[in-house]
Amino acid sequence: MCGIFGYVNYLVEKTRGQIVDTLLTGLDRLEYRGYDSSGFAVDADKSNKNYVIKQVGKVSELRKLVKEANMDMSKRFTTHVGIAHNRWATHGQPSQNNAHPHRSDPAAEFLVVHNGNITNYRELKSLLESKGYAFETETDTECVAKLAKYVYDTHKGRLDFTELLKLVLVRIEGSYGILVKSIHYPGEVIAARNGSPLLVGIKSERKLKVDFVDVEFPDINVEAASDDVAGFNPRLSLTRSNSLLDAGNSLMVPGGLHNDLRHSQSRAFISDDGMPIPTEFFLASDLAAVAEQTKKVIFLEDDDIAHIYDGGLHIHRVRREEGMSSIRSIQTIEMELQQIRKGNFDHFMLKEIFEQPESIVNTMRGRVNFENKTVKLGGLSNYISAIRRSRRIVMIACGTSYHSCLATRDLFEELTDIPISVEIASYFLDRRPPLFRDDTCIFVSQSGETADTILALKYCIERGAMCVGVVNGVGSAISRQTLCGVHINAGPEIGVASTKAYTSQYITLVMIALSLSEDFLSKQARRNEIIDGLGKISAQLEEVLTLNDKIQAVSETLVEKPKMLILGRGYQYATALEGALKIKEISYILAEGILTGELKHGPLALVDEDIPIIMIATKDKLFDKIINGIGQVTARSGKPIFIASQDGPTLVEGNKNGNGVTESETDPKSAEKSYVKFEVPQTVDCLQGLLNVVILQIFGYWIAVKKGYNPDHPRNLAKAVTTE
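A brief structural summary.

Conventions adopted
- Residues numbered from 1 in each chain as written.
- Predicted model: local features only at pLDDT ≥ 70, side-chain atom pairs only at ≥ 80, totals over all residues.
- Heavy atoms only, no water.
- Helix = DSSP H or I, 4+ residues; strand = E, 2+ residues; numbered from the N terminus.
- Buried < 20%, exposed > 50% of the residue type's maximum accessible area, 1.4 Å probe, protein only.
- Polar contact = N/O pair within 3.5 Å; in protein donor to acceptor, adjacent residues only side chain to side chain.
- Contact = heavy atoms within 4.5 Å.
- Expected span 1.5 Å × (residues − 1).
- Pairing = 2+ DSSP bridges.
- Axes fitted to C-alpha atoms, helices over the stretch in contact; angles between N-to-C directions.
- Parallel < 35°, antiparallel > 145°, perpendicular 65-115°, else oblique.
- Left-handed = near helix turned anticlockwise from the far one by under 90°.
- Nonpolar A, V, L, I, M, F, W, Y, C, P; charged D, E, K, R; others polar.
- 1 Å grid on protein atoms, 1.4 Å probe; cavity = no way out; pocket = protein on both sides within 12 Å on 5 of 7 lines; lining within 4 Å.
- Points joined across faces, edges and corners; volume = space filled by probe spheres on them.
- Phe/Tyr/Trp six-rings, centres within 6.5 Å; stacked < 30°, edge-to-face > 60°.
- Salt bridge = Lys/Arg side-chain N within 4 Å of Asp/Glu carboxyl O.

1. Here's the deal with the side chain of T279
Part 1 of the reasoning: Among the structural elements, T279 can be located in strand β11 (residues 279-284).
Part 2 of the reasoning: A residue is classified by how much of its surface remains accessible, and T279, at 0% relative accessible area, is buried.
Part 3 of the reasoning: A distance of 2.8 Å separates the side chain of T279 from the backbone oxygen of I277, its partner in a polar contact.
Part 4 of the reasoning: When near neighbours in sequence (up to four residues on either side) are disregarded, T279 contacts V8, N9, Y10, V12, I202, K203, S204, F269 and G311.

Okay, here's the thing in structure tokens:
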């Protein structure tokens, strides 16, 4: 949800046009996260002034507004700070006024872009209104900009930019990723995060001195200093506390707060000759926004405050915590530009569907030895024995990730003999169920930044459970906060509707189950069968993708349908749920995934000759029960579309003729000829869902396209759900 991008050039001359283009390109790369308006701020021609351009709609609309703006795009800047944002509305309707950046006052002394949710913004707003500040928008973000000006004015400009933001952030509750730009601190920007992702990309022609940035801690905690000096408690009601912010004397910046931070040096950016290093910094909420600019990035952690000035990056903390790392590593990312471009495809979703034969191979590469029938997961190697001793394994996820857990639950139970529960993160948090130290909790998330899943993770950590992460997002919050884990290595997924991440999560969870059962002699035959199946699955996926044209043609018959049923049983129940989710989220058809065994308990009442039904009928140990379900549907005049095994058994019995002989006795396949059937390769039962789900993904795509919808950007949805 939402997207942050910032650009700082230090001793690297750029025209305003180049700076604006860099900002807008960054916003383009963040479009997939979902948004309804966008905007940016750059320096104006006069000192102490900014140009702020905002627009409702896509970034393309913002580009049009830029062309109409009266800005000298040829003006050159040796050092400059620009900030930009794609907004996904949570507080106030999508409008030009509610779009970011938000300003502190008509002079825009402070400008803020923000992802997240400020939960105490009403209290902050009441306080600031009582001090004479007039609010212009309906957003929670505006209170951050006005609070920054209030602190600045209260302390009469005596604060360093970092010190000022520390005093602002200590008053904020909720989640945030923010960038702050100010006319009082030209050429500087502050980036801070708490529960919302933020990273810094670094580009320099010279090699950096070291591959890390030191974390600078205060001598005294800001909150403790506030309590000691002014009786201030940031958790108390603003109207009842003796506010630190109201005091205008130097005592309010004690000890560690008033360290001369300007004299601290960032070792990575010191040249051998003592001269400044020309450097560019790219600040973003997503790796995709910086991939084409640089390969060197730092992932900020919760409560980090990054201050960029004079060509250096300084990372500060409000407080020193036990066990906190004193550095942030500069990492080299592997993402390639072509991975975040559509290539020859019309949409990212279709591209990512067709990438699945390759992406699942990348998920298994270096992990599965098909000759020796072994699975080695480096991220879990030191913890596998402990997980095997777990009393229970709890899988926690949301949406598509939840379905990948459901799809593999049966296999975990079969191979590990450990009780498995699968939880939707938000419901898990609502219930706050009992957990124990001998439980293992597996957190599955494509982005690794899903808010509900992160909150569930914190709950489990507090109760001493072993926490394992399964994520696609490198450097994400879940990957950092879990004890161990596995990256699914699916590559960037731009389309909002998850496709290749689902199949890679599925494969990853299968590999974990195989690793846990390695020492079970009684399970070896089953393990070998599954590993053999994994070795063939990529080629079988390629074969399924050849059905694209047939699916496109059949989807024409479903475009005008308002609802749809998708039926599956056993391992295919999760496939039905995931397929229904794909169809509903991008084509807006009310699709419902139903367990075939539950038909007689209510859903059968929906079946008639008009409602579209897709039945998953690939052959496995439950096939006889699936045939029974097909009979229940066809007996009520239902005309299901089948997903079936190649050269599989007969699915529909024919009617008896005048001689009392059924059609199927003379021609076993005759009764099926009036039904649409998609035949997929047969594989191991626990892997069959990997093939079947692709049919449903393609159905969702083509129905959306034929209805005139953009499958990459479904309405009201965002790629990464970083708020509750």
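Now that the structure has been shown, the text picks up again.
2. Digging into helix α1 (residues 16-29)
Part 1 of the reasoning: Taking 1.5 Å of rise per residue, 14 residues should cover 20 Å, and α1 covers 20 Å from first to last C-alpha, within 8% of that figure.
Part 2 of the reasoning: With 10 of 14 residues buried, α1 lies mostly within the body of the structure.
Part 3 of the reasoning: Within the span of α1, buried status applies to R16, I19, V20, T22, L23, L24, T25, G26, L27 and R29.
Part 4 of the reasoning: Looking at the buried positions of α1, the neighbouring elements they touch are β1 (3-15), β2 (37-43), β3 (50-56), α2 (59-68), β4 (76-87) and β11.

3. Some details on helix α10 (residues 399-416)
Part 1 of the reasoning: End to end, α10 covers 25 Å across 18 residues, agreeing with the expected 26 Å (1.5 Å per residue, within 8%).
Part 2 of the reasoning: Counted residue by residue, α10 has 13 buried out of 18 residues, so it is predominantly covered.

4. Comments concerning the sheet that holds strand β21 (residues 439-445)
Part 1 of the reasoning: Strand order in this open sheet of five strands is β20-β19-β21-β22-β23, and the pairing throughout is parallel. The open sheet has two edge strands, β20 (420-424) and β23 (484-487), and neither has a second partner. Averaged over all pairs of adjacent strands, the angle between their axes in this sheet comes to 20 degrees, without regard to strand direction.
Part 2 of the reasoning: Pairing analysis gives five bridges linking strand β19 (residues 392-397) to β20, with the strands arranged parallel. If you follow I393 over to β20, its bridge partner there is I420.
Part 3 of the reasoning: Relative to the sheet, helix α12 (residues 451-462) contacts β19, β21 and β22 (466-471), its axis offset from that of β21 by approximately 165 degrees.
Part 4 of the reasoning: Seen against the sheet, helix α14 (residues 500-516) touches β19, β21, β22 and β23 and runs at an angle of roughly 160 degrees to β21.

5. Quick notes on the packing of α10 against helix α17 (residues 572-587)
Part 1 of the reasoning: One can describe the packing of α10 onto α17 by two numbers: an axis separation of 8 Å at closest approach and a directional angle of 165 degrees. Overall, the two elements α10 and α17 adopt an arrangement that is roughly antiparallel. Crossing handedness for the pair α10 and α17: left-handed. Contacts between α10 and α17 involve G399, T400, H403, L406 and A407 from the first element and A574, L577, E578, L581 and K582 from the second.
Part 2 of the reasoning: Considering only residue class, the contact of α10 with α17 consists of five nonpolar, three polar and two charged.

6. A few points about the sheet that holds strand β5 (residues 102-103)
Part 1 of the reasoning: One open sheet accounts for eight strands, arranged β5-β6-β7-β8-β13-β14-β10-β15; its pairing is mixed. Whereas interior strands pair on both sides, the edge strands pair on one side only; in this sheet they are β5 and β15 (327-329).
Part 2 of the reasoning: Examined bridge by bridge, strand β7 (residues 174-182) and strand β8 (residues 189-194) share four bridges and lie antiparallel to one another. Counted as the bridge partner of I178 is A192 from β8.
Part 3 of the reasoning: Its contacts with the sheet place helix α5 (residues 161-169) against β6 (110-118), β7, β8, β13 (304-309) and β14 (312-317), and it is angled at close to 150 degrees to β7.

7. Some remarks on empty space enclosed by the protein
Part 1 of the reasoning: In this structure the tally under the stated criterion is two cavities of 30 Å³ or more.
Part 2 of the reasoning: In this structure, the second largest cavity encloses a volume near 30 Å³.
Part 3 of the reasoning: In this structure, the second largest cavity is lined by Q572, T618, K619, D620, Q682, T683, D685 and Q688.
Part 4 of the reasoning: Grouping the constituent residues of the lining of the second largest cavity by class yields no nonpolar, five polar and three charged.

8. Brief notes about the packing of aromatic side chains
Part 1 of the reasoning: Per the counting criterion, the structure on display carries 13 aromatic pairs.
Part 2 of the reasoning: Seen from their ring centres, Y133 and Y150 are 6.1 Å apart, and the 65 degrees between their planes marks the pair as edge-to-face. Here Y133 is found in the loop between α3 (121-130) and α4 (142-154), whereas its partner Y150 is found in helix α4, with 17 residues between them in sequence. Comparing Y133 with Y150, the two get one shared label, buried.

9. Digging into the pairing of strand β9 (residues 199-204)
Part 1 of the reasoning: Pairing of β9 with β11, which is carried by six bridges, proceeds in the antiparallel orientation. Across the sheet, L199 pairs through a bridge with A284, a residue of β11.
Part 2 of the reasoning: Where β9 meets strand β12 (residues 296-299), four bridges bridge the pair, whose relative direction is antiparallel. By the bridge assignment for β12, V200 is matched with I298.

10. Describing the pattern of salt bridges
Part 1 of the reasoning: Evaluation of the coordinates by the stated rule reveals 35 salt bridges.
Part 2 of the reasoning: Here E280 makes a salt bridge to K14, at a shortest N to O gap of 3.9 Å. On the criterion of sequence distance, the pair formed by E280 in strand β11 and K14 in strand β1 is long-range, its members being 266 residues apart.
Part 3 of the reasoning: By relative accessible area, which is 9% here, E280 ends up buried.
Part 4 of the reasoning: The salt bridge partner of E556 is K706, with a shortest N-O separation of 3.1 Å. With a gap of 150 residues between them, E556 in the loop between α16 (548-555) and β24 (563-568) and K706 in helix α20 (residues 688-706) connect regions that are remote in the sequence.
Part 5 of the reasoning: According to the relative accessible area criterion, E556 is partly exposed, its value standing at 47%.
Part 6 of the reasoning: Connected via shared salt-bridge partners are E301, D304, R317 and R328.

11. Focus on the environment of G464
Part 1 of the reasoning: Relative to the helices and strands, G464 is located in the loop between α12 and β22.
Part 2 of the reasoning: G464 gets classed as partly exposed once you look at its relative accessible area, which sits at 24%.
Part 3 of the reasoning: Spatially, the C-alpha atom of G464 lies 8.2 Å from that of D438, the residues being 26 residues apart in sequence.

12. Quick word on the pairing of strand β27 (residues 641-645)
Part 1 of the reasoning: Of all the five residues making up β27, five are buried; the element is thus mostly covered by neighbouring parts of the structure.
Part 2 of the reasoning: Two strands pair when backbone bridges link them, and strand β26 (residues 613-617) and β27 are joined in this way by four bridges, in the parallel orientation. Across the sheet, A617 pairs through a bridge with A644, a residue of β27.
Part 3 of the reasoning: As paired elements, β27 and strand β28 (residues 677-680) share four bridges and run parallel to each other. Pairing of I643 across the sheet is with F678, part of β28.

13. Concerning the packing of α4 against α5
Part 1 of the reasoning: Running from N to C, α4 and α5 cross one another at 120 degrees; their axes reach a closest spacing of 9 Å. It follows that α4 is oblique to α5 by the angle criterion. Of the two elements, α4 crosses α5, and the hand of that crossing is right-handed. Between α4 and α5, the contacting residues are V144, L147, A148, V151 and Y152 on the first element and L164, L167 and V168 on the second.
Part 2 of the reasoning: In terms of residue class, the contact of α4 with α5 is built from eight nonpolar, no polar and no charged.

14. What to know about the environment of V180
Part 1 of the reasoning: With respect to the helices and strands, V180 occurs in strand β7.
Part 2 of the reasoning: Overall, V180 belongs to the buried group, its relative accessible area being 1%.
Part 3 of the reasoning: Through-space distance from the C-alpha of V180 to that of H307 is 9.8 Å; in sequence the pair is 127 residues apart.
Part 4 of the reasoning: Here V180 is in contact with F110, L111, V112, F161, L165, E188, V189 and I190, once residues within four sequence places are set aside.

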